[in-house]
Structure formats: structure tokens, C-alpha cells
Amino acid sequence: MPKVRTNPGGAATDLHLGALDREAGGPLHRQIERSIRAAVREGRLAVGSSLPPSRVLAASLGVSRGVVVAAYEQLVAEGYLTSQAGGYTRVSAGPQAAPAAAPAPPPRRPAAVVDFGYGRTDVSQFPRAAWLRSLRRVLTEAPSEHLGYTSGQGDPRLRAALAAYLNRVRGTVADPDDIVVCAGYAQAVNLIISVLAADPGPRRPIAVEDPSGNDDVWPLARAAGFALAGVPVGEHGIDVPALGTLDAEALVLTPSHQWPTGGVLSAEARAAVVRWAQRTAALVVEDDYDAEYRYDRAAIGAMQGLAPDRVAYLGSASKTLAPGLRLGWMLLPRRLVAPVTAAKVLADRGSPAIDQLALADFLDAGELDRHLRRMRPLYRRRRDALLSALARHLPDFRPAGVAAGQHLVAWLPPGLTEEAAERAAARVGVGVYGIRQYRLNAPGPQGLIFGYASLSERTIAEGVALLAGALP
């Protein structure tokens, strides 16, 4: 293709665009557009440079003038060129500056070969066949009206199934009308906190166990404008006498298996908490996150049965089935049902209908009971493997909270800090995690959380052996 020279002040006389490919099958003006566009972007055509008149460029390229006119008009529309009647067509956009180099990402902790992280239910054991049977029955038998917009409170069949299950297994005093279905624990506490925040009265703090989970209540309460008040935790759960002078809007508890230390709140302490809540008009939020997994003792009943008017009971399918289901439930004092339901409707218009109906069928068919009977011995063997490995390789570690759940805490010997243990473990590809990040104010002993639910017995033994070899 001939060259046409350009200059900033007058008409262009030379411009190199490359050869037109007349066999390509596409419009020739598109090829001219691409060539000029590339020259502008790369800086080969400076801002203010004039392009050849359309007749001149058409003659040099061996095309009709209309082909060049179409190319110029498109580039004017895109902002690369400007054109005025009686004047030259000029370049109006300069080359694009190279994007600034992205800052180097922070160094990432190497992926652990053996990760004792908490909260990893063994989803490979999810009862797919039984869940599929429930889904099939729902899709075959559910009336069409159940597939419309759902009630913010949840499908009546699921609420009835949950009430029957919770009353039988957890010792609650549940009426289906007091249950609100949600998308797991995090949404449950978010809805409750939003309702508490809407109260025009004085803003009292939200009380939490110290230590406690820091990934839901803490940020949600702070975002809603609540201060956090930590209640120290001892061997058997919260220090109830510390509630004596506390004036809080709500107290969030894990009474059946304190997270993360594993303590169980005694009957006397539970009664004292209820008396405190009644005296201060506080709400007790009971997080019953893993109560179904008990290995060395009988199941502990829920606190809600002691004071249904003061305790909001929260549960979910995350530990019993799989977190990906995003199904949870709230058993609420009657006065909170309507405002929490309204908040749920505002949040997402209600949980998915088919999933709710499938869980209802799953419960009614006894499939959850069968699944739990299968999982308890599996998790117990993994717990036993962890205890055995700790006793063999790290006898100075003191396990706690071992009778239930999917994790345990190991208190460290004097002279060994959580940070030192974490660093040593990471060097050999083992993930262990200290308790310090879950402490709000109260000091406490150094300890590590060992989640074992998703690890095989062999992997657990290998991970503890690697950790022992890496520690000073």
C-alpha cells in the first residue's frame, strides 16, 4: 500500500496503512478503520496531524471515495478523528498511556498440605441420593403455587418440619409460627441485629463471648452502630457473674459447645443467664451450631426451652449437611417474628422455595436422622485420631472441648506462643490457627484450634507429626 505523508499544519501527503486484503470477505472500510485506529493508539499519528483528503487516500488505495469516507466517519464517531466542513480531517486522540503497573500483591501464605482450619464440614459425605429423592418428590408433587414468590417467613411445611425436629432432638419449645427460615447463621444474626437497631430507644451494646467468632456478629453489630461488650469465657462457658452489671441489648451465646473453647454451660449458669435477660430486658441469641455431634456424653438441650420469650434460637444446615445449601432457621420470641420477617423480605424476598420444600421432605422422611447417625461415628474416629496423635507427638499440648463438635482446642505449653506455632507449622505445610484473633478484650492462655471434620485419620496423624517436628 502506498505511503501518504502527513503534517500537522496542512494536508497529508503520505500515510502508511498497510495492504488491504481484498480476499478477506469483510468491508474494506473496516480494514482502513483498524489501520488508522492502530496508528493513533501507537502514537504513529500525533494529535493534530491531518489525514489525506478522502479522494487522495482513495486513489492511493485503489478504492472508491465512499469507502474512505465511511472509515473516516466511523473514526470521528469514536473520537479518534475530527472533521469540519471545508477543513482537514485531523487526529483528535493521542496514544493511550500504558496502564500503571499494578502493585505487587502481598506475599501469600503457602497453601497448607494439611489444614486444620475450622468450619470445613466433610461435604464429600453429603447424602446426594437422599437429597435427590426429596427434590424429585418436591418437583413431582408440590403444588404450582409453592413455586411463586415465597413468604418471607418461610414455607409452612418446612417450618412445621423444623418445629417437630427441634422439639424432639433439641428440646426446644417451638411453634411453626415462631420460626423464620433464612440463608444460614450469618443472615440470621444480620436480620436480628437490624431489627434491634431499628428500635428508637437508647442504644445498648451487643454482648458476645470472649473469645468468640469474629466473622459475623462482630462486624455486623459494629456496622449497625452497636458497641461490643465481651463476656469472659472459662472452662464451662461464659463467666456468668460477669453479667452482673452488664446492660446489653443482646447476648450472643454458644451454650451447648462454646466456640471456640468447647465449654458447656451448666444448667445453673443457663438459669442465671435467663434471669439476667429477664431483669435487663435483653435478648439471648443462642447459636446452636454443632449440637447434633456428641461423642462422649448425652446431647445437651437448647436454652430456648427455658425461656422462649427471651431466647432466639439459631440453627442451620451448614454443619449437619453442607454450608452450600445456605439454609438456616430462627426460632424467635413471638414479638420478633413480624419485624424479622419484614427484614427478611426486604433483604431477599424469601429463601428459595424448592430448597425449602426439599429440606422439609428430607426431615419428614427421617433422612437427616439417618445422615447424622452415619456421620457421628465418622467424626468421632477423626476426633480420636487427633487426640491420639497429640498424645503421641505433642504430649505437652492440653486438648479441651473434645466431647462434641468438629474441632477441639489445644492449650499450649509455657514458652510456646500461638504465633510461633503457626509460623513453624506453615514452614512444613501445616495450617493451624491461634485463638488470639477471636479475643475481644479478655486475656487468656495460648491455644490452637484444630478442625478435623474434613481430614482423614491418616492425614490428621501426618499433620500432627509434621507440626511436632517443626516446633522448637
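Residues numbered from 1 in each chain as written. Predicted model: local features only at pLDDT ≥ 70, side-chain atom pairs only at ≥ 80, totals over all residues. Heavy atoms only, no water.

Trainee: Can you help me understand the overall build of the protein chain in this one?
Mentor: Per the secondary structure count, the protein chain includes 13 helices and 16 strands. Taken along the three principal axes of its C-alpha coordinates, the protein chain extends 100 × 65 × 50 Å. The buried share among the 472 residues of the protein chain stands at 50%. A separation threshold of at least 6 residues defines the contact pool for the protein chain, and within that pool the share at least 24 residues apart is 72%. Carbon and sulfur atoms make up 54% of the accessible area of the protein chain, which amounts to about 21,600 Å² in all. In the protein chain, the 52 positive side-chain charges and the 45 negative ones have mean positions that sit 6 Å from each other. (Helix = DSSP H or I, 4+ residues; strand = E, 2+ residues; numbered from the N terminus. Buried < 20%, exposed > 50% of the residue type's maximum accessible area, 1.4 Å probe, protein only. Contact = heavy atoms within 4.5 Å. Areas by Shrake-Rupley, 256 points an atom, 1.4 Å probe, with all protein chains shown as cover. Lys, Arg positive; Asp, Glu negative; His and termini not counted. Charge placed at Lys NZ, Arg CZ, Asp CG, Glu CD.)

Trainee: For this particular structure, what's the right way to read the pairing of strand E11 (residues 328–331)?
Mentor: Strand residues, when the strand is regular, have side chains that alternate between the two faces of the sheet. The two faces of E11 match: Gly328 and Met330 on one face and Trp329 and Leu331 on the other face are all buried. Examined bridge by bridge, strand E4 (residues 179–182) and E11 share four bridges and lie antiparallel to one another. Residue pairing across strands places valine 181 opposite tryptophan 329, the latter belonging to E11. Inspection of the sheet shows strand E10 (residues 311–316) paired to E11 by four bridges, in the antiparallel sense. Among the inter-strand pairings, glycine 315 is bridged to a residue of E11, identified as tryptophan 329. (Pairing = 2+ DSSP bridges.)

Trainee: Explanation requested: the side chain of threonine 254 in the structure shown.
Mentor: Take threonine 254: it is sitting in the loop between strand E8 (250–253) and helix H8 (267–280). Of note is the side chain of threonine 254, whose polar atom sits 2.9 Å from the backbone nitrogen of tryptophan 259. The residues contacting threonine 254, other than those within four sequence positions of it, are Glu209, Trp259, Asp287 and Tyr289. (Polar contact = N/O pair within 3.5 Å; in protein donor to acceptor, adjacent residues only side chain to side chain.)

Trainee: Got a minute to help me understand the pairing of strand E6 (residues 228–234) in this structure?
Mentor: Where strand E5 (residues 206–210) meets E6, five bridges bridge the pair, whose relative direction is parallel. Across the sheet, valine 208 pairs through a bridge with glycine 230, a residue of E6. Note that E6 and strand E7 (residues 237–238) share two bridges and pair antiparallel. Looking across to E7, one finds that valine 233 is bridged to isoleucine 238.

Trainee: Please clarify how the packing of aromatic side chains should be interpreted in this entry.
Mentor: Centre distance and the angle of the planes are the two values used to describe a pair of aromatic rings. Inspection of every chain in the model, using the stated rule, returns six aromatic pairs. Arranged with centres 5.3 Å apart and planes meeting at 55°, the rings of tyrosine 118 and tryptophan 259 form a pair that is tilted. Highlighted residues: tyrosine 118 in the loop between strand E3 (114–115) and helix H4 (128–141) and tryptophan 259 in the loop between E8 and H8, separated in sequence by 141 residues. On the basis of relative accessibility, which here comes to 25%, the residue tyrosine 118 falls in the partly exposed class. By relative accessible area, tryptophan 259 is classed as buried at 10%. For the ring pair tyrosine 293 and tyrosine 379, a centre distance of 5.1 Å and an interplane angle of 85° mean the geometry is edge-to-face. Placement of tyrosine 293 in the loop between strand E9 (283–287) and E10 and of tyrosine 379 in helix H11 (residues 367–393) is noted, with a sequence separation of 86 residues between them. Since its relative accessible area comes to 1%, tyrosine 293 is described here as buried. In this structure, arginine 203 is placed above the aromatic ring of phenylalanine 226, and the distance from its NZ or CZ to the ring centre is 4.6 Å. (Phe/Tyr/Trp six-rings, centres within 6.5 Å; stacked < 30°, edge-to-face > 60°. Lys NZ or Arg CZ within 6 Å of the ring centre and 35° of its normal.)

Trainee: For this particular structure, what's the right way to read the environment of isoleucine 460?
Mentor: Inspection of the secondary structure assignment puts isoleucine 460 in helix H13 (residues 457–470). Along the sequence, isoleucine 460 and leucine 386 sit 74 residues apart, while their C-alpha atoms lie 6.0 Å from each other. What isoleucine 460 contacts, discounting residues up to four positions off in sequence, is Phe116, Arg382, Ala385, Leu386, Tyr452 and Leu455.

Trainee: Would you mind showing me how to read the environment of glutamate 462 here?
Mentor: Inspection of the secondary structure assignment puts glutamate 462 in helix H13. The spacing of glutamate 462 and leucine 57 is 405 residues in sequence and 75 Å in space, taken between C-alpha atoms.

Trainee: Could you clarify how one ought to interpret the sheet that holds E7 in this entry?
Mentor: Paired through backbone hydrogen bonds, the strands of a sheet run either parallel or antiparallel to each other. Taken in spatial order, the eight strands line up as E4-E11-E10-E9-E8-E5-E6-E7 in an open sheet, and their pairing is mixed. A strand with exactly one partner marks an edge of an open sheet, and here the two such strands are E4 and E7. Across the sheet, H8 touches E7, E8 and E9, and the angle it forms with E8 is around 160°. Each of E4, E9 and E11 is contacted by helix H9 (residues 334–348), which is oriented at about 20° to E4, the strand it contacts most. (Axes fitted to C-alpha atoms, helices over the stretch in contact; angles between N-to-C directions.)

Trainee: Can you help me understand the pattern of salt bridges in this one?
Mentor: Where charged atoms from two side chains of opposite charge come close, those side chains can pair. Taken as a whole and judged by the stated rule, the model has 26 salt bridges. Here aspartate 364 makes a salt bridge to arginine 157, at a shortest N to O gap of 3.6 Å. Residue aspartate 364 is found in helix H10 (residues 353–364), and its partner arginine 157 is found in helix H5 (residues 156–169); the two are separated by 207 residues along the sequence. Residue classification places aspartate 364 among the exposed residues on the basis of a relative accessible area of 51%. With relative accessibility at 35%, the residue arginine 157 sits in the partly exposed group. A single network of salt bridges, built from pairs that share partners, joins Arg30, Glu33, Arg37 and Glu78. (Salt bridge = Lys/Arg side-chain N within 4 Å of Asp/Glu carboxyl O.)

Trainee: Explain the packing of H4 against H10 to me, please; I cannot follow it from the model alone.
Mentor: Between two packed helices, both the angle of their axes relative to each other and the distance between the axes serve to describe the pair. Orientation of H4 relative to H10, taken along the N-to-C sense of each, is 115°, at an axis distance of 8 Å. The way H4 lies across H10 gives a crossing that is right-handed. Where H4 abuts H10, its residues Ala130, Trp131, Ser134, Leu135, Arg137, Val138 and Leu139 lie against Ile354, Asp355, Leu357, Ala358, Leu359, Asp361 and Phe362. (Left-handed = near helix turned anticlockwise from the far one by under 90°.)

Trainee: Looking at this model, I keep getting lost on a nonpolar patch on the surface. Mind explaining?
Mentor: Taken together, the side chains of Leu139, Leu147 and Ile354 define a hydrophobic patch exposed on the protein surface, amounting to about 280 Å² of accessible area. Along the chain, the position of leucine 147 falls in the loop between H4 and H5. (Patch = residues over 30% accessible without salt bridge, like charges linked within 9 Å, V, L, I, M, F, W, Y side chains within 5 Å.)

Trainee: Would you mind showing me how to read the sheet that holds strand E13 (residues 407–411) here?
Mentor: Spatially, the four strands line up as an open sheet ordered E12-E13-E16-E15, and their pairing is antiparallel. Lying at the two open borders of the sheet, with one neighbouring strand each, are strand E12 (398–400) and strand E15 (433–434). Two strands pair when backbone bridges link them, and E15 and strand E16 (residues 447–451) are joined in this way by two bridges, in the antiparallel orientation. Counterpart to glycine 434 in the pairing with E16 is leucine 448. Of the strands in this sheet, E12, E13 and E16 touch H11, which is tilted by about 15° from E13.

So, to be careful, I would describe these as geometric facts and stop short of saying anything about function.
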